[in-house]
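Each chain, written out:
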Amino acid sequence: MNRHRSLFAVLVMVLLTLMIAPLRGSADSSRFDDPDPATIPLPVLDHDDPAKAVVARVTFASRTQATVDRTSVSLQRAHTHIGDPPILKLNLTDVDGTVTDRLNAWSPLWVFSHGDTERMDVRQSGSGSFVVPFSPALSTMTITDVALNRDVVTVDVKPAIRDFCVAHPADPDCLESDLSVDAVEPAAPLFAVLGEPVAVSVTSTVSNVGPDGPADARVERTVVAGPGVSVTPAAAETTDVSLAVGTPQRLAKTYSVTCTAPGAHTLDFTTSVTPKRASVIDPDPTDNRRTERLTVDCAVPVTINIQPGTARNPVNLGGSTLPVAVLTTTAGEYGNPLAFDATRIDAPSLRFGSPSLLLLGRGVPELHNRIHPEDSLERDEARRDGDLDALTHYRPRDLALTTADTTGCVFGRFRGPSGPLSFYGCDSITVVG
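Here's a quick rundown of the structure.

Definitions and cut-offs
- Residues numbered from 1 in each chain as written.
- Predicted model: local features only at pLDDT ≥ 70, side-chain atom pairs only at ≥ 80, totals over all residues.
- Heavy atoms only, no water.
- Helix = DSSP H or I, 4+ residues; strand = E, 2+ residues; numbered from the N terminus.
- Buried < 20%, exposed > 50% of the residue type's maximum accessible area, 1.4 Å probe, protein only.
- Contact = heavy atoms within 4.5 Å.
- Areas by Shrake-Rupley, 256 points an atom, 1.4 Å probe, with all protein chains shown as cover.
- Phe/Tyr/Trp six-rings, centres within 6.5 Å; stacked < 30°, edge-to-face > 60°.
- Lys NZ or Arg CZ within 6 Å of the ring centre and 35° of its normal.
- Core = buried A, V, L, I, M, F, W, Y, C linked by side-chain atoms within 4.5 Å.
- Disulfide = S-S within 2.5 Å.

Counting secondary structure elements, the chain contains 3 helices and 29 strands. Sorting the 433 residues of the chain into buried and exposed places 41% on the buried side. Long-range pairs, those at least 24 residues apart, make up 66% of the contacts in the chain with a sequence separation of at least 6. Carbon and sulfur atoms make up 54% of the accessible area of the chain, which amounts to about 23,100 Å² in all.

Shown next, in the form of structure tokens:
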């Protein structure tokens, strides 16, 4: 096939020569005199010419089915596709999925047949090589049958480019960049309440320690939630960054985490970094991935009553001891999803204060370091339920609340059916001084 295409090119050149010769004879012949060979400079070979080509050997089982036998990078410049008939189309895409070039190509199924007359036949199967210009960002080559308007096969050229750059690290189109994930840092509140979402922020630090740069890199961040907790978004996220040597980048992401069961539950946050281009070689990929585990304390929601017997719950920040009842409830009572026995509270774990203080692990402890089991609603005959609640006391008030607060809360631990668990409850207040 190649011999016939070459013969065709030679015939075209002969015809052009015959057409031009009369014109030369009718014009001023001095304008077309051949130059003195001594004045023609000798050709100089550019040994540093980085011209290369990507070669894919493909076997066609039919016009619509083919397999890739091998791909490689050649140190010879790719031949031009100008003049190739539109039998096949080569669609070249880069690592971003952008089509960078579309080239016509001859099909190895189209061959010249010899006999009484020479004709073109289409074979049922055959193999051929497809040669395209090299690019450091080249990712795939899709071969399309033009007449059928159907993709035949997609060639992944990245492994061939990677192998070439590993073997030729000094090639100007290849880089060596040691990428790494230096840190994955999740940050969350001290606890989360069952059924109420909380924000968890995760900061990942990635860097390039060289020797070459900047290098385009692809950072992927994933999260895996263990039983008892859900996370949104759960899908992996990919971010492209350009990493200069010695200039780490920090990437922040916020997740919404919701507890579905009480107790301590885990989330695993993973960050990985890889070269975006196959022409960038990472000599030490062992530090390209890092996972950090976050344990979330999922607290049981409970009902509390600040200053039992009052409706407005007036609080004087300079007042004396503040009584707060933690109620014993059944599942569904006061809208609580789980039953709660307040007499099982671990008194030394108790803290009272505004929500913001308790989420930071602050607040004031129970004054007596114990609970007082009693029916805290016994003064209201209509609401007496006969349950033993936990009456607790706190002081000083001004270390637990501010004049701007409208809510007071209690956080602590209690003896659950299978071990210690956390609980959390709030009540409205009116700060009067």
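Enumeration over the complete set of coordinates arrives at 9 aromatic pairs. Between the aromatic rings of Phe-134 and Phe-164, the centroid separation amounts to 6.1 Å while the plane-to-plane angle is 55 degrees, which identifies the pairing as tilted. Of this pair, Phe-134 sits in the loop between strand 7 (126-133) and strand 8 (138-145) while Phe-164 sits in helix 2 (residues 158-167); the two residues are 30 residues apart in sequence, bridging distant segments of the chain. Across the pair, exposure class does not vary: Phe-134 and Phe-164 are buried alike. A connected cluster of aromatic rings, assembled from ring pairs, spans Phe-191, Phe-411 and Tyr-424. Sitting over the ring of Phe-134, Lys-52 keeps its end group 4.8 Å from the ring centre. In this structure, Lys-253 packs its charged tip against the face of Tyr-255, placed 5.2 Å from the ring centre.

A general trend in soluble globular proteins is that nonpolar side chains are found buried together. Within the largest apolar cluster, 31 residues are counted, with the highest numbers of intra-cluster contacts made by Val-58, Phe-60 and Phe-130. Counting residues per element, the ones that place at least two in this core are strand 1 (53-60), strand 2 (66-74), strand 3 (88-94), strand 4 (99-105), strand 7, strand 8, strand 9 (150-156) and helix 2. Not counting residues up to four positions away in its chain, the partners in contact with Val-58 are Ala-66, Thr-67, Asp-69, Gly-126, Ser-127, Gly-128, Phe-130, Ile-143, Val-153 and Val-155.

We now examine the state of the cysteines. Scanning the entire structure with this criterion turns up 3 disulfides. Disulfide partner of Cys-165: Cys-174, at an S-S distance of 2.1 Å. Here the S-S torsion is close to -70 degrees, and the disulfide linking Cys-165 with Cys-174 is therefore left-handed. What makes Cys-165 buried here is its relative accessible area of 1%.

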